[in-house]
Amino acid sequence: MAKDDVNELAIKALERGDSIDEYLPFMAKDDVNELAIKAFERGDSINKYLRFMAKDDVNELAIKALERGDSIDEYLPFMAKDDVNELAIKALERGDSIGGYLPFMAKDDVNELAIKALERGDSIDEYLPFMAKDDVTQLALKILRSKKK
């Protein structure tokens, strides 16, 4: 069955008020994205659509969700690590916790943010499980050396 046929069946199911969950894996990403946007605009959860969307589209909706004050925890597993990092930096600038972002970030990015947190005098406890062991060791040595002075 062609994607266009699946999309048409899904739209008819939606019009009837039926679930389209079984159609989503077989639909074109653009069509899933359109459905997600409509659900987002209605204020509905888009969690069921996220795994079938392009990462760029997920990122766009995550930014919009943040702008309207929504949590983006459900979006994070489906986003590119670089995009998660950018949003984590913005969350820190707003004074928000980024604990939920850390598992979906690159270790180097987590390390960089941990160093900045230390420079601000903040705790880095939530960062540690998501950092490379070598980075944790280097930070610990840096802290110990600074306390000796």
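For the structure itself, look to the data block above.
The rules behind these values
Residues numbered from 1 in each chain as written. Predicted model: local features only at pLDDT ≥ 70, side-chain atom pairs only at ≥ 80, totals over all residues. Heavy atoms only, no water. Helix = DSSP H or I, 4+ residues; strand = E, 2+ residues; numbered from the N terminus. Rg over C-alpha atoms; globule rule 2.2 N^0.38 Å. Contact = heavy atoms within 4.5 Å. Lys, Arg positive; Asp, Glu negative; His and termini not counted. Charge placed at Lys NZ, Arg CZ, Asp CG, Glu CD. Salt bridge = Lys/Arg side-chain N within 4 Å of Asp/Glu carboxyl O. Buried < 20%, exposed > 50% of the residue type's maximum accessible area, 1.4 Å probe, protein only. Core = buried A, V, L, I, M, F, W, Y, C linked by side-chain atoms within 4.5 Å. Expected span 1.5 Å × (residues − 1).

Q: Describe the overall build of the protein chain, with residues and values.
A: Of regular secondary structure, the protein chain possesses seven helices and zero strands. Put simply, the protein chain runs from its N terminus to its C terminus through helices and strands in the order α-α-α-α-α-α-α. Compactness check: the protein chain gives a C-alpha radius of gyration of 20 Å against a globular reference of 15 Å for 149 residues, more than 25% above the reference. Sequence-distant contacts in the protein chain: of pairs separated by 6 or more residues, those separated by 24 or more amount to 44%. One way to put it: in the protein chain the 23 positive side-chain charges average out to a point 7 Å from where the 33 negative ones average out.

Q: I'd love a proper account of the pattern of salt bridges, names of residues and values included.
A: Here the structure, examined in full by the defined rule, presents seven salt bridges. The salt bridge partner of Arg16 is Asp18, with a shortest N-O separation of 2.8 Å. On the basis of relative accessibility, which here comes to 54%, the residue Arg16 falls in the exposed class. In this structure Asp18 comes out as partly exposed when scored by relative accessible area, which is 36%. Close ionic contact of Asp70 with Arg68 constitutes a salt bridge, the shortest N to O distance being 2.5 Å.

Q: So what about the environment of Gly17? Which residues, and what values?
A: Relative to the elements of secondary structure, Gly17 occurs in the loop between helix 1 (3-16) and helix 2 (29-42). Using a relative accessible area of 64% as the deciding quantity, one classes Gly17 as exposed. C-alpha of Gly17 to C-alpha of Asn47: the two residues are 30 residues apart in sequence and 18 Å apart in space.

Q: Lay out the nonpolar core in plain terms, naming residues and giving numbers.
A: If you look at the biggest cluster of nonpolar residues, it comprises 42 residues, and the most contacted ones within it are Ile46, Tyr49, Ile72, Tyr75, Tyr101 and Tyr127. Those residues within four positions of Ile72 in sequence are excluded, and the remaining contacts are Ala62, Ala65, Leu66, Leu87 and Tyr101.

Q: Just give me the short version of helix 6 (residues 107-120), but keep the residues and values in it.
A: The periodicity of an α-helix, 3.6 residues per turn, causes residues three or four positions apart to be oriented the same way. Over its 14 residues, helix 6 extends 20 Å from the first C-alpha to the last, a length consistent with the 20 Å expected when each residue adds 1.5 Å. Within the sequence span of helix 6, burial applies to Asp109, Val110, Asn111, Leu113, Ala114 and Ala117. Those residues of helix 6 that are buried are in contact with helix 5 (81-94) and helix 7 (133-148). Just past helix 6, the residue Gly121 takes up positive phi, approximately 85 degrees.

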